[in-house]
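# Overview (structure and organization)
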Amino acid sequence: VRTQVARSHPKVVALLFVRTRASLILAAALACDRAVPPAGAAVPEPEAALREPSKLGSIPAAAKVLDWDIHARLDADKHRIDGRARMRWRNTSATTVARMPMHLYMNSFRAEDTPWMIEGRGRHRGNAQGDPTAWGYVDVQRVARRVGLAQGSEGELAPLRFAEGEDPSLMEIELDQPVAPGESIELELEFVTQLPEVFARTGYAGEFHMVGQWYPKPGVLHADGSWHTHPFVFHSEFYADFGDYAVELDVPASMVVGATGIRTEEVVEGDRKRITYHAEMVHDFAWAADPRFVEYTTSHDGVKIRQLMLPEHAWSYRAHEDAQIAALDSMQARFGPYPWSTITIVHPPTGAEGAMGMEYPTLFTTSPVSSIAPPLRLLGYQERVSGVFTTVHEFGHQYFQGLLASDEFAQPWLDEGMNTTSNALVLEDRDGRDAWVMRLGELTFHGSDFVRLSQHGIDTLQPIDVSAAEFSPTVGGYGGIVYRKTAALMLTLRNLAGAAAFDRALHSYAEQHRFGHPTGADLEASLREVIGERVPLSTADPDDPASGVVELDVGDVLEQGLRTTRVVDFRVHAIVNRAAVGDAGWHRNEAGVLVGGDAPEPREGNEGPREAVVVLHRSGDFVIPVEIEVVFDDDSVIRRVWSGRKRVHTLVFPDRKVARVRLDPDAKLVLESRRLDNHRVAHDVADHDDGISGPLGRTSEAAALALTLGVGP
Amino acid sequence: MNGARVVLAAWRWLLALWIGELAIAAFAGTAVRAQVAAALGEFALPDDHLMYAVAELVGFHPDVVVAIVIGVVGSAVLAVVVWTMLAPLVIARLAGGARPAGELGAAWTRTLGGAIATSAWHLLLRAGLAFALVGSLSPLPPMLALAIAALATVVATAALDISRTQVVLHGGVGTSWRTAAWGYVHAVKRPRLLAVLAGAQLLQWACAAAGLALVVRSAGAAIGPARVLALLGTAIGLWRLHHVACAGAMPAPPPSRETDAE
């Protein structure tokens, strides 16, 4: 029959062939694009949770405070965890302790009237609580102290009294015996954790479980004997002590699990399996489980990089891997070696967006790489940050919070802001200095532009150095101020003081406070000590020697940037090219006699002696030096530095004509967001090109032409 | 005579239409250029970080966005109006070859009202089609939805071409909605004609998109090549119209119930 058809209808056969071939090509193309890439040989699990001593750096003796043995059983249908924890805590303060406040973070999702939910109203970073009955909580059922511990003896359990605070995210344990400085105590806790449907970092979405902040955690006891325990409010994150973890997870056998630390054992029993993890010198333990996860592993500089993702996201695993490696290389060079032997990247599936972009020790969650729609690609749109920037950012937290474990409640800028600063440096190391991160044809958007966007509107309401509780989601501004304005301040300081000195200062800070709880004062001290209190930015102005050397006052810049809401803003107020003043009229001679009396010489056009006057205005309250570039009509260029101390600064150039003036020509002041008035062209310059009206006009013309063609003949 | 030759023979018409399109588009460009220049005054943008600078410009001067939208959309609306007026004249010229101006003018005057009416009916039908599509396409993947929307637009354009040609060349009743609706039926019932018209339409869009992409990618520098592409797109459009004109009259629509009752 086929032969008959072929003979009688050759065109039909040819068409069928073409269609079939086209279908195959199309199918192959689609398959190539979205097929799950092969995982390659799995990198074996490291034998130790920490890297070799040369990569570890020193661990302060006082850093290790808290060791854990945890057993947790996940009921994947009920999204519930039955947990039992044994906790050994050491009093490293100089004070005897009789109580132990604990964090019960999960209780913030217990009801709509918890402080967290009152602020968040069931929403977090654009993700809404789905099922309104899917509350999350942690119910501590028993707390006991283990007494009579001896060699080979488990001792006995003495029940302790405990009670939740008014805010259910806090709990306090009454210790039946005070713990003296240097002594240890061993507590046992039994708890049930009900995961919420995920919309704010932790919880479940279908079969996916992101289990973070799920067990009771004590506060941090400072050297002066004060407990630092914070209610879990909307913008608050976490603060805890370092220690070792041995965790046994009992999960359905089908689950693929990623967790903090290294996997030491996995035993399957029927439809369940028990996986044991070991982590050292971390201050939290988180894990994720999903039966659909596929796994990609690689190793870089001795660190095992493990990605867990659903097959539909697997096409982008290489982009995340490259970003992870770039971040690892950059941050190790800048802030010292990464001390742990593993890093696990969890890709939450669609529907679990609330879990995306969160950091835990040796594990973080990321977000998907966006695919660019063909029409945008046609217009020349490119970007190299979606998804991979989340990977860079969340890995950065392994340092800024994982290793430099600042109090995220008291000074959130120390982890989020300094981490955003480090992200900009990772991009610089990867792509070059201030390389573009997004572009549309010739229009480019840079890493520093993201940071610069921090100074508008609500982002100027609060200073940087305030606690998380000072920010309200109703008002906004947390991201702009804590993340980006901090980075803008640091990058401005780096640009003015010099990259080498600034980088040395951050390296010194990171080395000095590894496995510690540094404060803002520690960071400021490192910056001032290494960069110096004052950095000379220019020699004296030759036209105005009395003005002295312009210096950058590092402490003053940090003070204004961190603890005020002052805004950096400069403006080229005026350029005046005019006739110079002559010497017509009456003047006294050396003998004191009035002589002269001539009339000024008549001048037409540009004849006669002339001068140029440039007037600069510091519109913002933030006092900071700024560079000035003056371009004359003969294309010669000079640069000066203005201290910015006065509101107005005037420059006079005898016998010159100024064509244009640029303030901050190298865009060093990342703190300055309003730059449209930084570049002024003299009104009497014939070829005034503002640099944008032409391109925008022609682009609008092209858009109109395209539409006209679309609706025309 | 094939379509390309007809279009080339009518080169004065082609050039006139192209210049008209350039003039309409230049209106948008000039308005935007003037608005941006006024917003900036004596200030100028930096040499780099241009996307941030543009974002800052439109952030502080939203009137620039208004100028862009009014300029571009206004140009498109003006083009629709002008082309609706000129379409009968161009169709008559392409179908009948070179004719005395008076004769063409008389044909234009005679069919202009009907052509405008059928265009208006098509506008209504397109609105209905768009309304139906918006609801049904929203759950689909974006690229699939875009492809279906493009296909619907191609069919609608072919139907409009057929209806206009019917009115101008074959005495179709432009004021009747059935002439417009029958354009759709006729387009779908003649897949080969539809395929040719769709191909030509897609080529026109490709010229438009390529021109826009060149200009956007070059930050406005490549406006010259975009104008040349517009000429090519206009020529393809005339070829498309000639093809419809040569396709002959469509069968008359079935009689309405009112007609039956009479």
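Refer to the preceding data block for the structure.
So, here's what we can say about the structure. (Residues numbered from 1 in each chain as written. Chains lettered and ligands numbered in written order. Predicted model: local features only at pLDDT ≥ 70, side-chain atom pairs only at ≥ 80, totals over all residues. Heavy atoms only, no water.)

### A short note on the overall build of chain B
For chain B, the helix and strand inventory stands at 10 helices and 0 strands. Listed by position from the N terminus, the elements making up chain B come as α-α-α-α-α-α-α-α-α-α. With the C-alpha coordinates aligned to their principal axes, the bounding extent of chain B is approximately 70 × 50 × 30 Å. Counting all 262 residues of chain B, 44% fall into the buried class. (Helix = DSSP H or I, 4+ residues; strand = E, 2+ residues; numbered from the N terminus. Buried < 20%, exposed > 50% of the residue type's maximum accessible area, 1.4 Å probe, protein only.)

### Quick word on the packing of aromatic side chains
Within this structure, the stated rule accounts for 32 aromatic pairs over all chains. Look at A:W214 and A:Y215: their rings are 5.2 Å apart centre to centre, the planes differ by 80 degrees, and that puts the pair in the edge-to-face class. The same class applies to A:W214 and to A:Y215, which are both buried. With 5.6 Å between their ring centres and 65 degrees between their planes, A:F570 and A:W642 make a pair best called edge-to-face. Of this pair, A:F570 sits in strand β31 (residues 570–579) while A:W642 is found in strand β36 (residues 637–642), placing the two residues 72 residues apart along the sequence. What makes A:W642 buried here is its relative accessible area of 3%. Aromatic ring contacts, followed pair by pair, group A:W68, A:F191, A:W214, A:Y215, A:Y245, A:Y277, A:F285 and A:W287 into a single cluster. Just above the ring of B:Y52 sits the side chain of A:R452; from NZ or CZ to the centre is 5.9 Å. (Phe/Tyr/Trp six-rings, centres within 6.5 Å; stacked < 30°, edge-to-face > 60°. Lys NZ or Arg CZ within 6 Å of the ring centre and 35° of its normal.)

### Examining the side chain of B:H186
Residues and elements named next belong to chain B. With respect to the helices, strands and loops of the structure, H186 is situated in helix α7 (residues 177–189). The exposure class assigned to H186 is buried, which follows from its relative accessible area of 6%. In contact with H186, not counting residues within four places along its chain, are I162, M250 and P251. (Contact = heavy atoms within 4.5 Å.)

### As for helix α4 (residues 62–96) of chain B
Residues spaced three or four apart along an α-helix face the same direction, because each turn holds 3.6 residues. Residues and elements named next belong to chain B. Helix length check: α4 (35 residues) gives 50 Å between terminal C-alpha atoms against 51 Å at 1.5 Å per residue, within 8%. Along its length, α4 shows its largest kink, about 40 degrees, at L86, and proline P88 lies within four residues downstream of that point. In the stretch just after α4, G97 is the one whose phi turns positive, near 70 degrees. (Expected span 1.5 Å × (residues − 1). Bend = angle between axes of the 7 residues up to and from the residue.)

That's the geometry; what it means functionally is another story.
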